[in-house]
Every structure is written in C-alpha cells, then in structure tokens.
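# Observations on chain architecture
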Amino acid sequence: MGLRIGVWTAGLTMTLAVITVTSAAIGPVALDVPTVAKASLNAVGIPAGLDVGIGETPTLGRSIPIPTVDVRYAYPFSFAIPETAETIVRQVRLPRIALGGVVGFALASAGAVMQGFFRNPMADPSIIGVSSGAAVGAVATIAFPVAFPLGLQAAAFVGALVAAFVVYAIATENGRTPVATLLLAGVAVQTFLGAVISYLLLHAGESLERAVFWLMGHLHSSSWAEVEVTLPVVVVTFFGLLAYARDLNALMLGEEDAQTVGIAVERTKRILLALSSIVTAAAVAVAGVIGFVGLIVPHVMRLLVGPDHRILLPTSALAGAAFLVATDTVARSNPATLPVGIVTSALGAPFFLYLLRRREVHEL
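Residues numbered from 1 in each chain as written. Predicted model: local features only at pLDDT ≥ 70, side-chain atom pairs only at ≥ 80, totals over all residues. Heavy atoms only, no water.

### Points about the side chain of Ser23
Mapped onto the elements, Ser23 comes out in helix α1 (residues 2–25). By relative accessible area, Ser23 is classed as buried at 2%. (Helix = DSSP H or I, 4+ residues; strand = E, 2+ residues; numbered from the N terminus. Buried < 20%, exposed > 50% of the residue type's maximum accessible area, 1.4 Å probe, protein only.)

The following block contains the structure:
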C-alpha cells in the first residue's frame, strides 16, 4: 500500500512539475524551458520568520485597525537569468499557475470525498450548495459594494459556508442526516440560490460584466497573496479529509455496515461535510465557479487506482492540480483569454455524457 501510494504520488508530482514549467514558458513572450526552470527555482521560498504589525481595513466608511502578520522568506536558489524573464515568470505567470494548482487540488480532493460520501460518481463539490452560496456572496458584493462591504473573497467564502450549513440543517432531523435527503436539500437550495443570483445580476448595472466574469470561473490577475491565504486552508483541510479516508471507505459499504465496524457514522458525516465545504469554499472564493474539476478528475483516478480513498484522495488532489494548470494554460493561450471555467466545462460536459452512456451513474 505505502509503495503504491509513493509511486503514484511521485509520478503525479513529476507530471505537475513538468506541466508547471511548460505552462510558465507559454505566453505572449515565449521563454525557453531552462530559463523558466531557473526562475521557478529562484521563486522557491522557505518561511524564515514572521513580522507582526497593525494595518487598517475600510468597513462601512470607517478604517478599523487590524493586526497583520507577514511571513519572511529565505530563497535558497539564485540562478542568473535575465531580469525581464524572471519578472515575467515570478510575478505574472507563477502566481497564476500556483493558484490554479491549489484550486485544482482543493476541488478534486473535495470531489473525491463527495463521490464516496454519496456513493455516486456524478457527485461533485458543489452538490451541497457551496458554489452557489459563494456565487451569491460574490455577486452581492460586486453589485452592491456599499451594502456588502466584506470584500469579494471574504463574502464568497462566508456565502459558501452559510449555504452548506443551511443544506445540512434542512437535511438533519433527530441527529441524523440521510444522504438522500441531503442531496435533495442541496438541489433545492442551489435552485433557490440560482434565482437569487439572477436577481442580483439583473440589478448589477455597470458591474454586470465583472459579476458574469467571476461566475465563469477564472484565474485572471492571480497574486501570491491569494496563494498565501488559500494554500494553508487547503492543506490543513486536505489532511483532515485524509485522516478520515478509512472511515470513508467504510461508509461506501453502507451506513449500517460502517456502524458495525465501529464507525461513528453521523459524526464522521458531519466532519467530512464540514471539511469538504471549507476546502471548496476556499477554492471558489479566489477563483469563482470552476465546474467539472471535482467530477472528472476523481472519477478518472478511481478507474486508475481503485476506490480506496487512502490512495484515491492524494492522487486525485495532485491530478486535479495538474489538470487545472493545464486547462488554464489552454485558456490563457487563447487570443481572447478565456475564463478557465469555460475550458473545464467544455471538457467536462462530454465526459458527463460518456458516463451516462456507460451507465455508471449509480456505481463506484
């Protein structure tokens, strides 16, 4: 088992590294791979300390002081390359690639958990309303910035978690959360939130284009600051999910069978739902609604490595990172610079139909 996980992890990590370097070499200014590799290594930083200070955030027309924490980094590599090339790679392309990797990692790991949780390969991270909740928070902030002053990413994150909590609360009765009820509650809440989003778009005025662009899913104008905020949340929640991989394997056999082998079923379901909601919310908050990553990647990896979540979770996460970096490279290579959500959906919809034709919608 350990050797198998190690081999797959090493192979997918190498694949991700190759895709990252190739992606960073592609753009309006073409760069050779050795230069990109050196610039990428120069960008590798090791945390060396913390600087604590006081900053200000505007809230309801007033500036409120808040504590700030900045991480200092030490950079072990210092290869000599042209300054222009280093700026392009480190400040323009790598932040976008890194954020794409983090978001793909998050969505694919959440998708693997949701497919196991619902015992259906058609499940994805948005099935319990997380993406719709994030969309409501983001679009409300874009359309009515004065009424919703949290900031785009914070509003999306809060909206995602609130939607997930509402779905869970609706589906839970007498301490039990039936999976079928949870699924139906998720569909109902998503439908309602879709109506809310339409209403907000109708009143978005001059902000309509920005709101629609966000809803398409994008990695445009990504920054290292977004990576620094999102990465810790994704890593911590991922290891939380990985800790419950055995329990998730038992749940796939059925709740009664899981209980007979000592699994605290309802507690495990609550934790899996909470962690999946958090990791999905963190991804959607910075990248908008990117569809099908959490559907395609876990299913493909399940076909390759099997249904054991001790292997499936880490391999899906790494494959999701590689997949989203690759699709975003296609998106930004287009002369019109497409939102990456368009590319993932264009690939995901045919795959969805393929699954239907294979009659695998009720099997794992």
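### Looking at empty space enclosed by the protein
In total, this model carries one cavity of 30 Å³ or more according to the counting rule given. Space inside the largest cavity adds up to approximately 40 Å³. Phe117, Arg119, Val179, Leu251, Glu255 and Lys269 together form the lining of the largest cavity. Its residues assigned to classes, the lining of the largest cavity comprises three nonpolar, no polar and three charged. (1 Å grid on protein atoms, 1.4 Å probe; cavity = no way out; pocket = protein on both sides within 12 Å on 5 of 7 lines; lining within 4 Å. Points joined across faces, edges and corners; volume = space filled by probe spheres on them. Nonpolar A, V, L, I, M, F, W, Y, C, P; charged D, E, K, R; others polar.)

### Considering the layout of surface pockets
Empty space within the largest pocket amounts to approximately 1,200 Å³. The wall of the largest pocket is formed by 33 residues, among which Val44, Ala98, Trp224, Val227 and Leu231 lie closest to the centre. Of all the secondary structure elements, the ones that give two or more residues to the lining of the largest pocket are α1, α2 (33–42), α3 (83–118), α8 (224–243) and α13 (309–333). The biggest single contributor to the lining of the largest pocket is α8, with nine residues. Residues that form the lining of the largest pocket fall into these classes: 25 nonpolar, six polar and two charged.

### Structural notes on the packing of aromatic side chains
In total, this model carries four aromatic pairs according to the counting rule given. Geometrically, the ring pair formed by Phe77 and Phe79 is stacked, given 6.0 Å between the ring centres and 10° between the ring planes. When its relative accessible area of 35% is taken as the criterion, Phe79 is described as partly exposed. When the centroid spacing of 5.5 Å and the interplanar angle of 70° are considered together, the rings of Phe238 and Phe239 count as edge-to-face. (Phe/Tyr/Trp six-rings, centres within 6.5 Å; stacked < 30°, edge-to-face > 60°.)

### Some details on the packing of α1 against α13
Relative orientation of the contacting elements α1 and α13 amounts to 10°, with a least axis distance of 10 Å. One finds that α1 runs roughly parallel with respect to α13. Between α1, through Arg4, Ile5, Trp8, Thr9, Leu12, Thr13, Leu16, Ile19, Ser23 and Ala24, and α13, the contact on the second element is made entirely by Arg310, Ile311, Thr315, Leu318, Ala319, Ala321, Ala322, Val325, Ala326, Thr329 and Arg332. For the contact of α1 with α13, the residue count by class is 13 nonpolar, five polar and three charged. (Axes fitted to C-alpha atoms, helices over the stretch in contact; angles between N-to-C directions. Parallel < 35°, antiparallel > 145°, perpendicular 65-115°, else oblique. Contact = heavy atoms within 4.5 Å.)

### Topic: the pattern of salt bridges
Scanning the model with the defined rule gives six salt bridges in all. The salt bridge involving Arg176 is made with Glu255; its shortest N-O contact spans 3.9 Å. Here Arg176, found in the loop between α5 (152–171) and α6 (179–202), pairs with Glu255, found in helix α10 (residues 255–260); they are 79 residues apart in sequence, far enough to count as distant. Residue class for Arg176 comes out partly exposed when judged on its relative accessible area of 44%. Notably, a salt bridge pairs Asp308 with Arg310, separated by 2.7 Å at the nearest N-O pair. On the basis of relative accessibility, which here comes to 17%, the residue Asp308 falls in the buried class. Residues participating in the shared-partner salt-bridge network are Arg176, Glu255, Glu266 and Lys269. (Salt bridge = Lys/Arg side-chain N within 4 Å of Asp/Glu carboxyl O.)

### As for helix α11 (residues 265–287)
Residues that lie three or four places apart on an α-helix share one face, since the helix turns once every 3.6 residues. With 23 residues, α11 extends 33 Å between its outermost C-alpha atoms, agreeing within 8% with the 33 Å of an ideal straight helix rising 1.5 Å per residue. Within α11, 18 of the 23 residues are buried, leaving the element largely enclosed by the surrounding structure. Residue Gly288 follows α11 closely and has a positive phi angle near 75°. (Expected span 1.5 Å × (residues − 1).)

### Some points on the environment of Ser333
For Ser333, the position within the fold is in helix α13. Classification of Ser333 as partly exposed rests on a relative accessible area of 43%. Only 2.5 Å separates the side chain of Ser333 from the backbone oxygen of Thr329, close enough to count as a polar contact. (Polar contact = N/O pair within 3.5 Å; in protein donor to acceptor, adjacent residues only side chain to side chain.)

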